[in-house]
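Each chain, letter by letter, is given below.
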Amino acid sequence: MSAEPATALALWLSKLVGAIAGSAISVAYLLPRGRREAATRFLTGIVTGLVFGPPVGLILAERMRLDDSLSAVELALIGSAVASLCAWWGLGVLQRFAESLFRARPGSGGGEK
């Protein structure tokens, strides 16, 4: 990391901005079916980005060998955006897959007497 000291406020703001950006991209990338799903995905993405953002940023920086050239604020921003995006993109795909498994198929006798 660079020698630039980061304040606690700057770190929190970068985590929040990254989490919001990742959530917005995830909602646009895998379109929700309604307002409730969009709100749930957006809020879950924000929480995920705030909680898991810094560790994800560190892991990405180490794997890409960028850890010496990025500041703590940049790592928090990148990590929060990636964590937020991946959380709901992956969970959204799994949710739709599970719904397709349990959806009644025509002619299967589901609900008919």
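Quick note: structure is the one above.
Overview of the structure. (Residues numbered from 1 in each chain as written. Predicted model: local features only at pLDDT ≥ 70, side-chain atom pairs only at ≥ 80, totals over all residues. Heavy atoms only, no water.)

With respect to a nonpolar patch on the surface
- On the surface, a cluster of nonpolar side chains totalling about 350 Å² of accessible area is made up of Leu9, Leu13, Leu16 and Ile20.
- By secondary structure assignment, the location of Ile20 is in helix α1 (residues 8–29). (Patch = residues over 30% accessible without salt bridge, like charges linked within 9 Å, V, L, I, M, F, W, Y side chains within 5 Å. Areas by Shrake-Rupley, 256 points an atom, 1.4 Å probe, with all protein chains shown as cover. Salt bridge = Lys/Arg side-chain N within 4 Å of Asp/Glu carboxyl O. Helix = DSSP H or I, 4+ residues; strand = E, 2+ residues; numbered from the N terminus.)

Some words on the packing of aromatic side chains
- Applying the stated criterion to the full structure yields 0 aromatic pairs.
- It is Lys15 that lies over the ring of Trp12; its NZ or CZ is 4.0 Å from the centre. (Phe/Tyr/Trp six-rings, centres within 6.5 Å; stacked < 30°, edge-to-face > 60°. Lys NZ or Arg CZ within 6 Å of the ring centre and 35° of its normal.)

Quick notes on the environment of Ala8
- If you trace the backbone, Ala8 turns up in helix α1.
- Note: C-alpha distance between Ala8 and Val73 (65 residues apart in sequence) is 9.5 Å.

Some points on unusual backbone geometry
- Positive phi values are uncommon outside glycine, yet Arg65 reaches one of about 55°.
- Within the secondary structure, Arg65 is located in the loop between α2 (35–63) and α3 (72–102).
- Here Arg65 falls in the exposed class, since its relative accessible area comes to 74%. (Buried < 20%, exposed > 50% of the residue type's maximum accessible area, 1.4 Å probe, protein only.)

Brief notes about the pattern of salt bridges
- Going through the model one piece at a time under the given rule, you end up with 2 salt bridges.
- Between Glu99 and Arg33 there is a salt bridge, with the nearest N and O atoms lying 2.5 Å from each other. Of this pair, Glu99 sits in helix α3 while Arg33 sits in the loop between α1 and α2, and the two are 66 residues apart along the sequence.
- For Arg41, the salt bridge is made with Glu37, and the minimal N-O distance between the two is 3.5 Å. Of this pair, Arg41 and Glu37 both sit in helix α2, 4 residues apart, which is roughly one turn of that helix.
- Since its relative accessible area comes to 0%, Arg41 is described here as buried.
- Overall, the relative accessible area of 15% leaves Glu37 in the buried class.

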